[in-house]
Structure formats: C-alpha cells, structure tokens
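Working through the structure, step by step
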Amino acid sequence: MKFWYDKDEKKIEEYKHLIMLDLSKEELKELAKRDREVEKYMKEVEKINQDPRFREYMTKEEDQKKIYNTQMSKAFNEGVSIGEKENSIEIARKLLNKLPIDEIAKATGLSEKEIKNL
C-alpha cells in the first residue's frame, strides 16, 4: 500500500494485483481509470459480492491469510532469485583468474559483460 500512497507508478503497476485487494471502492475507481484490467476486476468483484454463496465461502481472516501467503511466496521467490544471482557472481569471481570468460559465462549463466565488470 506504501507504493499506492507514495504514487510510485512503476511499483503500482508491478504490484497492482495485490494493491487492488486492499483499496477502497473509490481508490479502485481511480486505479481503474488507467487500467482496463482493474476495471474488469472491479466488475467481477461487484458481481461476486452479490452472490450470497461467496460471502459465506471465506472469512475475512482466511482471505487475509491467503493474501499474506501470496505475498510471502512472492517475496521468497524474489529472495531465491537474488541469492542465485549472488551465488553465480561469487563463483564467477573465484573462477575469474582460472578459466576463460566464455567458460565462466556458460558455468554461471552470467553474461560475459557481467563477468568482465567483476
């Protein structure tokens, strides 16, 4: 939500699916002005909220737990990606004086340019 209130357009676009879940109806309308996907989401939410079976399907706490789990999963995956990249860089540094750059690139998945910058 910090991205929304800070008006960080890049982050809003990246995380809009999570941000949408926490916005008020008025804030959703503002976001929908710029994005057809959000507009479609709003219409679907309104339609579902009219269905009594859905309202009984999930409690607010269950919904919040699912949102939290989604956020944690995304954060975990981003962390793993960062860790893999850092590991590749560390391996490349160790190999830099022992192997040609093209072989290091093949072994680590880094580009030759990235390796030369090390």
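Here, the structure is the one placed above.
Residues take numbers from 1 onward in each chain, read along the sequence in its written order. Owing to the predicted nature of the model, reporting of local features is limited to residues with pLDDT of at least 70; listing and counting of side-chain atom pairs is limited to 80 or more, with chain, interface and lining totals taken over all residues. For the side-chain quantities, the full set of heavy atoms in the structure was used; hydrogens and water were omitted.

**Some details on the overall build of the chain**
Our working definition: To qualify as a helix, a DSSP run of H or I must reach at least 4 residues; to qualify as a strand, a run of E must reach at least 2; elements of each kind are numbered from the N terminus. Exposure is judged per residue with a 1.4 Å probe applied to protein chains only, and the accessible area is read against the type maximum: over 50% gives exposed, under 20% gives buried, and values in between give partly exposed. Residues scored as positive are Lys and Arg, those scored as negative are Asp and Glu, and His as well as the terminal groups of each chain are ignored. To locate a charge, take atom NZ for lysine, CZ for arginine, CG for aspartate or CD for glutamate.
For the chain, the helix and strand inventory stands at 8 helices and 0 strands. Listed by position from the N terminus, the elements making up the chain come as α-α-α-α-α-α-α-α. Counting only C-alpha atoms, the chain reaches 65 × 30 × 20 Å along its principal axes. Taken over 118 residues, the chain has a buried fraction of 19%. Looking at charge distribution, the chain has the averaged site of its 26 positive side-chain charges lying 2 Å from that of its 27 negative ones.

**A few points about helix α6 (residues 60–95)**
Definition in use: Given a helix with a known number of residues, its expected span is that number minus one, times 1.5 Å.
End to end, α6 covers 52 Å across 36 residues, agreeing with the expected 52 Å (1.5 Å per residue, within 8%). For α6, the set of buried residues is I67, S88 and A92.

**Structural notes on the side chain of T108**
Along the chain, T108 turns up in helix α7 (residues 101–108). Look at T108 and you get buried, because its relative accessible area is 13%.

**A look at the pattern of salt bridges**
Test applied: Definition used for salt bridges: Asp or Glu carboxyl oxygen within 4 Å of a side-chain nitrogen of Lys or Arg.
If you walk through the whole model with that rule in mind, you get 1 salt bridge. Between K85 and E114 there is a salt bridge, and its shortest N-O distance comes to 2.4 Å. Note that K85 is positioned in helix α6 and E114 in helix α8 (residues 112–117), a separation of 29 residues in sequence. Of the residues examined, K85 reaches a relative accessible area of 37% and is grouped as partly exposed.

**Some words on the packing of helix α2 (residues 9–20) against α6**
Note the following rule: Lines fitted to the C-alpha atoms define the axes, with helices restricted to the stretch that makes contact. Angles between their N-to-C directions range from 0 to 180 degrees. Oblique is the label for any angle not under 35 degrees, not over 145, and not in the 65 to 115 range, which are roughly parallel, roughly antiparallel and roughly perpendicular in turn. Residues count as neighbours in contact if any of their non-hydrogen atoms are within 4.5 Å of one another. Under the scheme applied here, ten amino acids are nonpolar (Ala, Val, Leu, Ile, Met, Phe, Trp, Tyr, Cys and Pro), four are charged (Asp, Glu, Lys and Arg), and all others, including Gly, are polar.
The contact between α2 and α6 brings their axes to 11 Å, and the two run at 150°. Judged on the interaxial angle alone, α6 and α2 are roughly antiparallel. Contacts from E14, Y15 and L18 of α2 reach α6 at T70, Q71, K74 and E78. Class assignment of the residues belonging to the contact of α2 with α6 gives a composition of 2 nonpolar, 2 polar and 3 charged.

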